[in-house]
Amino acid sequence: MRFRPRTTRAETTTRDAVDTVPRLRQMLPLGVQHLLVAYSGMVTVPLLIGLGVGLSTAQIATLVTANVLVSGIATLLQTLGIGNVGVRLPIVMGSTFTGITPAIIVGKEAGLPAVFGATIVAGLLTWLVAPWFSKLIRFFPPIVTGTIIAIIGFSLLPSTATLIAGSNPGAADHGSAGRLILGLGTIVLTVCLERFAPPAVRRFAILIALAVGTLVAIPLGMADFSSVGHADWVGVVKPFEFGMPTFALSALLPMIIVQLVNMVESTGDTLAIGQIVGRDVGPPEISRALRADGIGSAFAGVFGSFTVVTFGENVGLVSITRVMSRFVVATAGAVLVLMSLVPKLGAAVASLPGPVLGGVGVVMFGTVGAVGLRIMSQADLSNGRNILIVAISFGFGLLPVGAPEFYQHLPVVVQTVLTSGIAAGGIAAFLLNLVLNRRERAPRTGPEAAPGY
């Protein structure tokens, strides 16, 4: 069964836009726009893991650079594809927040080589099981996929508060009026560009908002680019920088669970992109997307990085800008690879002011949530069972967001699943649809096949 989004005649004409190659003067800034939206997440994951394990500043910088390189290569693999690897849709790849806690725990107990060894194994297993996992798509009608995608977007929204207010509650400017106004101003500027700017300018709305917000932040003392001067011009990421990988069972199990969570998230994001660009997404497409996840994660383990997954915020960017070319996103991947070789570029992007990034994040994550709601609307929401699926799934999905310590006394393996709102909510939606919308007769073909549609 294929996931066939309901499209209008205008949407149908955009199908070839995915394979369009824009001119370089458009493709480069549009690609940079994707990069800027995703970069903070790419930097945050290795930073938090490095701090949690107790690495030195130089070692953390190595993790960050490796993560940027792996994200770039995985993005190129996903967008351009090689054989049966890569879905060839405008999808940005990067490391996942789901793996932070397990990586810190394993890193403290068995060392980073055990983390990277487990990452390699988890990636190879993902590549191996992708064709079988993709067949589960028939159990993902719009009521399930829409709920998962909405949870992905809305569960990420609270993270923007830390960017806008600041990560240090003890800082003098934490949550200051200036930071809040700058974040709000970035949102307002994005809305104004969408409302009043011509279509050619609207494509760059996020990039313009980031640039203007940064220029405003500099004289206000909210942007610090001093780290750029201390960064090297040239740097090369070496494989096995932290030693040859080791393979411990205690490390393999949590990383495999993390990768299962990633597969659910990647499936949801890939279906969402298919909905946005008007492409039918079925098991073959999901399989190719998951294989790119697997190869990217295995590659990450070799170069000292962590499991990779599709980036939901960039799904939102495609929806807002309506720029659907996969080659634009591939350009972002190529620039990421370049940045891993020129640390000064990475330091410059990492220095963008938090309130500006947070304001953009509100727009991006909210848009992903809205895309999920749009997909949900294809199901019969007057059906009480479907409402129950959405209600309980959102409860499981948002509970760990509002109460991060809620599951702290459970075993680590269970925590890995339940503390990820995306995983908990996705599993709940999947199981509830099976229970409440179970077919009583032989399944029919077509979008009306189950009550969940």
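Everything in this summary refers to the structure shown in the same document. It should be emphasised that the depicted structure is a prediction, and the values quoted were computed from it without experimental measurement.

Our focus in this paragraph is the nonpolar core. Grouped together as the largest cluster of nonpolar side chains are 57 residues, with contacts concentrated most on Leu-35, Tyr-39, Val-115 and Met-364. Residues in contact with Met-364, not counting those within four places in the same chain, are Val-37, Ile-206, Glu-313, Gly-316, Leu-317 and Ile-320. Judged by nonpolar contacts, the second largest core, of 51 residues, contains Ala-272, Val-281, Val-318 and Leu-432.

Mapped onto the secondary structure, Ser-420 falls in the loop between helix H19 (412–418) and helix H20 (421–436). Spatially, the C-alpha atoms of Ser-420 and Phe-97 are 8.6 Å apart, while their sequence positions differ by 323 residues. Excluding residues that lie within four positions of it along the chain, Ser-420 makes contacts with Thr-98, Val-261, Pro-400 and Gln-415.

Our next topic: the packing of aromatic side chains. Applying the stated criterion across every chain, the model contains 6 aromatic pairs. Relative to Phe-430, the ring of Phe-139 has its centre 6.1 Å away and its plane inclined at 85°; by these criteria the two rings are edge-to-face. One end of the pair, Phe-139, is in the loop between helix H5 (112–134) and helix H6 (142–156); the other, Phe-430, is in helix H20, and 291 residues separate them in sequence. Judged by relative accessible area, Phe-139 falls into the partly exposed class, the value being 23%. One aromatic cluster is present, formed by Phe-116, Phe-242 and Phe-306 through successive ring pairs.

To continue, consider a nonpolar patch on the surface. Together, Leu-125, Trp-127, Leu-128, Val-129, Trp-132 and Ile-295 give the surface a local cluster of nonpolar side chains, amounting to about 550 Å² of exposed area. Per-element accounting of the nonpolar patch gives the leading share, 5 residues, to H5. Assignment of secondary structure puts Ile-295 in helix H13 (residues 283–302).

The next subject is helix H8 (residues 177–196). Here H8 contains 20 residues, and its C-alpha end-to-end distance of 27 Å stays within 8% of the 28 Å for a straight helix at 1.5 Å per residue. Those residues of H8 not exposed but buried are Arg-179, Leu-182, Gly-183, Thr-186, Thr-190 and Leu-193. End-on view of H8: buried residues confined to an arc of 100°, all on one side of the axis. Set apart from the buried face of H8 by more than 90 degrees, the exposed residues are Ala-177, Ile-181, Leu-184, Val-191, Arg-195 and Phe-196.

On to the packing of H8 against helix H17 (residues 354–376), then. The interhelical angle for the contact between H8 and H17, taken along N-to-C directions, is 45°, at an axis separation of 8 Å. Between H8 and H17, the interaxial angle falls into the category oblique. Handedness of the crossing formed by H8 with H17: right-handed. Touching Arg-179, Leu-182, Gly-183, Thr-186, Ile-187 and Thr-190 of H8 are Pro-355, Val-356, Gly-359, Val-360, Val-362 and Val-363, all from H17. In the contact of H8 with H17, the residues fall into 7 nonpolar, 4 polar and 1 charged.

Conventions used here
Residues numbered from 1 in each chain as written. Predicted model: local features only at pLDDT ≥ 70, side-chain atom pairs only at ≥ 80, totals over all residues. Heavy atoms only, no water. Core = buried A, V, L, I, M, F, W, Y, C linked by side-chain atoms within 4.5 Å. Buried < 20%, exposed > 50% of the residue type's maximum accessible area, 1.4 Å probe, protein only. Contact = heavy atoms within 4.5 Å. Helix = DSSP H or I, 4+ residues; strand = E, 2+ residues; numbered from the N terminus. Phe/Tyr/Trp six-rings, centres within 6.5 Å; stacked < 30°, edge-to-face > 60°. Patch = residues over 30% accessible without salt bridge, like charges linked within 9 Å, V, L, I, M, F, W, Y side chains within 5 Å. Areas by Shrake-Rupley, 256 points an atom, 1.4 Å probe, with all protein chains shown as cover. Salt bridge = Lys/Arg side-chain N within 4 Å of Asp/Glu carboxyl O. Expected span 1.5 Å × (residues − 1). Arc of directions from axis to C-beta. Axes fitted to C-alpha atoms, helices over the stretch in contact; angles between N-to-C directions. Parallel < 35°, antiparallel > 145°, perpendicular 65-115°, else oblique. Left-handed = near helix turned anticlockwise from the far one by under 90°. Nonpolar A, V, L, I, M, F, W, Y, C, P; charged D, E, K, R; others polar.

By themselves, these figures tell us nothing about what the structure is for.
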